[in-house]
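Each chain, letter by letter, is given below.
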Amino acid sequence: MTVSANTPRGVQELIDRIRDQGVAAARESADRILQDAQGKAAKLLSDARDDAARMRETAEREIEAYRSAANEALKLSARDTVLQLKSRIASAFESFVQRLVTTATRDEEFIRSLVLVLAGHSVDEFVKDKEIQILLSEAILTGRSDERLRAVGKQAILSLSSDMLREGIELLGS
C-alpha cells in the first residue's frame, strides 16, 4: 500500500511541478511580452514627441515667415499710400495754383501793377541809373492755353513798356 499511496502523491507533485513550471514560463513570457510592449510604447511615445516638436518648430517658422511677410506688406502698403497721398496733394495744389495764376494773369491791371512794383523795387535796390532788362514768361506773351490771355497780356506789356522805356527799363520775352 505504500506504493499506491506514494503514487498519487508523486503524480500530484509532478502535476504541481509541471503547473508551476508552466506558470513560471507563462509569467516569463508575459513579462517579456510586457517589457517588449512597454519598450515599443516608450519608443512610439518618444517618436510622437519628436514628431510633435518638429511639427511645432516648422509651424513656428511658418508663422514667423507669414508675420514677416505681412509686416513687409503693411510697410509697402503704407509707403504706397503716402506716395499716393503726396501725389494727390501735389496735383491738387498744382491745379489750385494754376487756377489762381490763370485768374490773376487775366487781370490786366494786376499784371500792370505787378510789373511796375517789381520794376520799381528792382530799380530802387539794384539799378540806380543803369539800364535793366526784365524777362517775361513766354506763357504770358503767347497765352498757349488761352488766346484771350495772350491778347490781354500783350496789351498790358505794351502799355507798360512805353512807360518803362522812358525810365531805362527794357522788357524782353524769355
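Keep in mind that this is a model prediction, so the values were computed, not measured.

A short note on the overall build of the protein
Moving on, step 1. Summing up its helical and strand segments, the protein has 4 helices and 2 strands in all.
Moving on, step 2. Here the protein holds 174 residues, and 11% of them are scored as buried.
Moving on, step 3. Relative to all contacts within the protein whose residues are 6 or more apart in sequence, the contacts with residues 24 or more apart total 66%.
Moving on, step 4. For the protein, the accessible surface area stands at approximately 14,100 Å², while carbon and sulfur atoms represent 58% of it.

Side note on the pattern of salt bridges
Moving on, step 1. A complete count under the given rule lists 7 salt bridges for this structure.
Moving on, step 2. Close ionic contact of arginine 67 with glutamate 64 constitutes a salt bridge, the shortest N to O distance being 3.0 Å. Separated by 3 residues within a single helix, arginine 67 and glutamate 64 lie in helix H1 (residues 2-105), roughly one turn from each other.
Moving on, step 3. Using a relative accessible area of 44% as the deciding quantity, one classes glutamate 64 as partly exposed.
Moving on, step 4. Linking lysine 75 and glutamate 72 is a salt bridge whose minimum nitrogen-to-oxygen distance equals 3.8 Å. Linking lysine 75 with glutamate 72, this pair stays in helix H1, spanning 3 residues, or about one helical turn.
Moving on, step 5. Among the residues examined, glutamate 72 registers a relative accessible area of 46% and is labelled partly exposed.
Moving on, step 6. A single network of salt bridges, built from pairs that share partners, joins Asp16, Arg19 and Asp20.

Cut-off values and rules
Residues numbered from 1 in each chain as written. Predicted model: local features only at pLDDT ≥ 70, side-chain atom pairs only at ≥ 80, totals over all residues. Heavy atoms only, no water. Helix = DSSP H or I, 4+ residues; strand = E, 2+ residues; numbered from the N terminus. Buried < 20%, exposed > 50% of the residue type's maximum accessible area, 1.4 Å probe, protein only. Contact = heavy atoms within 4.5 Å. Areas by Shrake-Rupley, 256 points an atom, 1.4 Å probe, with all protein chains shown as cover. Salt bridge = Lys/Arg side-chain N within 4 Å of Asp/Glu carboxyl O.

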